Amino acid sequence: MTDEEEDVVVSPDDDGSSRSGLADAAARAFDDYRSGETQRMSDLVEMLTPLLWHTARGAGAGHQDARDAVQTTWLRLVDKADTVRDPQAVLGWLLTTVRRIVYSRARRDREQVVDLGAPEHDRPDTGVGPEQRAELSERQQVLWEHVGGLDERCQYLLRVVAFAQRPDYASISERLEMPVGSIGPTRGRCLEKLRQMLETDSRWERQLHA
Amino acid sequence: MHDDIIDIGDEQLLDEIAAMWDAVDPVPPDLGDDVRVALTVQALEAEIAELVSTPTLALRADDPLDDPDANVVDTITFSSGAVSLAISIDGADDETVTIDGWITAGGASVELHIGGTVRHVQADEFGRFVMTDVPRRRAWFVARRGDDHPPIVTPVIEL
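Predicted model only: the values in this text are computed from it and were never measured.

Q: Please explain the overall build of chain B as it appears in this structure.
A: Summing up its helical and strand segments, chain B has 3 helices and 9 strands in all. Listing the helices and strands of chain B from first to last along the sequence gives α-α-α-β-β-β-β-β-β-β-β-β. Across the 159 residues in chain B, those meeting the buried criterion constitute 45%. Accessible area for chain B stands at about 8500 Å²; split by element, carbon and sulfur atoms hold 51% of it.

Shown next, in the form of structure tokens:
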């Protein structure tokens, strides 16, 4: 669990998130669901499906595999809802589960490669090609270039964390870095590298938000 | 305290990263609904299991399905493009059923066409609706989501 516990006075917004983070909003929705408000599962699905989608895709799942992984993850959560002891653990559980499904599928696919002479794919085609990149603004194209210049772990870490909120950053980073073997990149170092690259690119202007 | 201090500039950058990924690899718009239908089907099956195993049914017969007095719950899901309609048919007695329905379009108007008559019900904001005292006959549903969408018609089923 996170070592950044703070005493925070939580005043939820309309969607229950924002200041308290996704993990807290998810815990509340899941708690309500278990208390009999069954429609709160729909809220949870709405709230977290984008994060799970990008977690699955960032882990290398193709489009259909990512859909399947996300759907299976939700089905499993509901199936074992009664056995979850701590609602605060739901977000972390969802992230771990969707990744495990993606990786286990990838392992099965690799094991089915019969032609031993075929080159091993070091990164499956996740379908982000020129057509998808054409959807980006000019500024986003610059960002895309430099994100692409980060190592894959940084790319993945930043992608997933980007779809969460500030209070979630620490716990999500821990989840993605498990199992802990070597000292991996932290989101801070990844962001620092990215900022350095952006700052030396004349096409990139720091936007100051009000 | 560790070295990962996130400042406001980092937060803004992460927001831009999210927007970038959202533009280049968006969540499929129907994924949430697909998930909800799947969850509903799973949930309804769970209710079926509970119904068959109630003590009252156990007293009546060894196999509830052989007992005409037993409650048997059927679940049927219809799908049409972006809309799914899941119904659970609960046999209240020999002659009538209760229909528990869920449609992936909150507020949709649902019609049950049965025996030459039409029963209307409005699904709530979550897409749920209930119809009670429905005669056990052949029937079909029409769902309407407003003028911008064509109505959806299901095949005929035997209640």
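Anyway, onward from the coordinates.
Q: Before we go on, may I ask you to explain the state of the cysteines in this structure?
A: Think of a disulfide as a covalent bridge from one cysteine sulfur atom to another cysteine sulfur atom. All names here are of chain A. Here the structure, examined in full by the defined rule, presents 1 disulfide over all chains. Between the sulfur atoms of Cys 154 and its disulfide partner Cys 190 the distance amounts to 2.0 Å. Disulfide Cys 154-Cys 190: the torsion about the S-S bond is -80 degrees, which places it as left-handed. Here Cys 190 lies in helix H9 (residues 187-199) and Cys 154 lies in helix H7 (residues 152-162), a separation of 36 residues in the sequence.

Q: Can you walk me through the pairing of strand S4 (residues 109-114) of chain B in this structure?
A: A regular strand places its side chains on the two faces of the sheet in alternate fashion. Residues and elements named next belong to chain B. In terms of burial, S4 is largely enclosed, as 6 of its 6 residues are buried. Both faces of S4 are covered, namely the face carrying Ser 109, Glu 111 and His 113 and the face carrying Val 110, Leu 112 and Ile 114. Bridge count for S4 against strand S5 (residues 117-122) is 6 bridges, and the pairing is antiparallel. Opposite His 113, over in S5, you have Val 118 as the bridge partner. Sheet topology note: the S4/strand S7 (residues 138-144) ladder contains 6 bridges and is antiparallel. The partner of Leu 112 across the bridge, within S7, is Phe 141.

Q: Please explain the interface of chain B and chain A as it appears in this structure.
A: Interfaces are often sized by the accessible area lost when the parts come together. On the chain A side, the residues contacting the 34 residues of chain B number 49 residues. In this assembly, chain B packs against chain A so that about 4000 Å² is buried in total across both faces, 63% of it on carbon and sulfur atoms. For the pair chain B and chain A, the number of links is 8 salt bridges. Where A:Arg57 meets B:Asp25, a salt bridge forms, and the shortest distance between an N and an O atom there is 2.8 Å. Where chain B touches chain A, the interface holds 11 residue pairs in polar contact (both at pLDDT 80 or more). For the side of chain B that touches chain A, the secondary structure elements donating two or more residues are helix H1 (8-24) and helix H2 (31-52) of chain B. Take the side of chain B that touches chain A: its biggest share by element is 15 residues, from H1(B). Grouping the constituent residues of the side of chain B that touches chain A by class yields 18 nonpolar, 5 polar and 11 charged.

Q: Teacher, can you tell me more about H1(B) here?
A: Count 3.6 residues to each turn of an α-helix, and residues three or four apart come out pointing the same way. Here H1(B) is 17 residues long and its end C-alpha atoms lie 25 Å apart, about the 24 Å a rise of 1.5 Å per residue gives. Of all 17 residues that make up H1(B), 12 are buried, and the element is covered over most of its length. Within H1(B), the full set of buried residues consists of B:Gly9, B:Asp10, B:Glu11, B:Gln12, B:Leu13, B:Leu14, B:Glu16, B:Ile17, B:Ala18, B:Met20, B:Trp21 and B:Val24. Where H1(B) is buried, its residues touch helix H2 (40-58), helix H5 (130-133), helix H6 (138-148), H7, helix H8 (169-177) and H9 of chain A.

How each quantity is defined
- Residues numbered from 1 in each chain as written.
- Chains lettered and ligands numbered in written order.
- Predicted model: local features only at pLDDT ≥ 70, side-chain atom pairs only at ≥ 80, totals over all residues.
- Heavy atoms only, no water.
- Helix = DSSP H or I, 4+ residues; strand = E, 2+ residues; numbered from the N terminus.
- Buried < 20%, exposed > 50% of the residue type's maximum accessible area, 1.4 Å probe, protein only.
- Areas by Shrake-Rupley, 256 points an atom, 1.4 Å probe, with all protein chains shown as cover.
- Disulfide = S-S within 2.5 Å.
- Pairing = 2+ DSSP bridges.
- Contact = heavy atoms within 4.5 Å.
- Buried area = accessible area lost by both parts, 1.4 Å probe.
- Salt bridge = Lys/Arg side-chain N within 4 Å of Asp/Glu carboxyl O.
- Polar contact = N/O pair within 3.5 Å; in protein donor to acceptor, adjacent residues only side chain to side chain.
- Nonpolar A, V, L, I, M, F, W, Y, C, P; charged D, E, K, R; others polar.
- Expected span 1.5 Å × (residues − 1).

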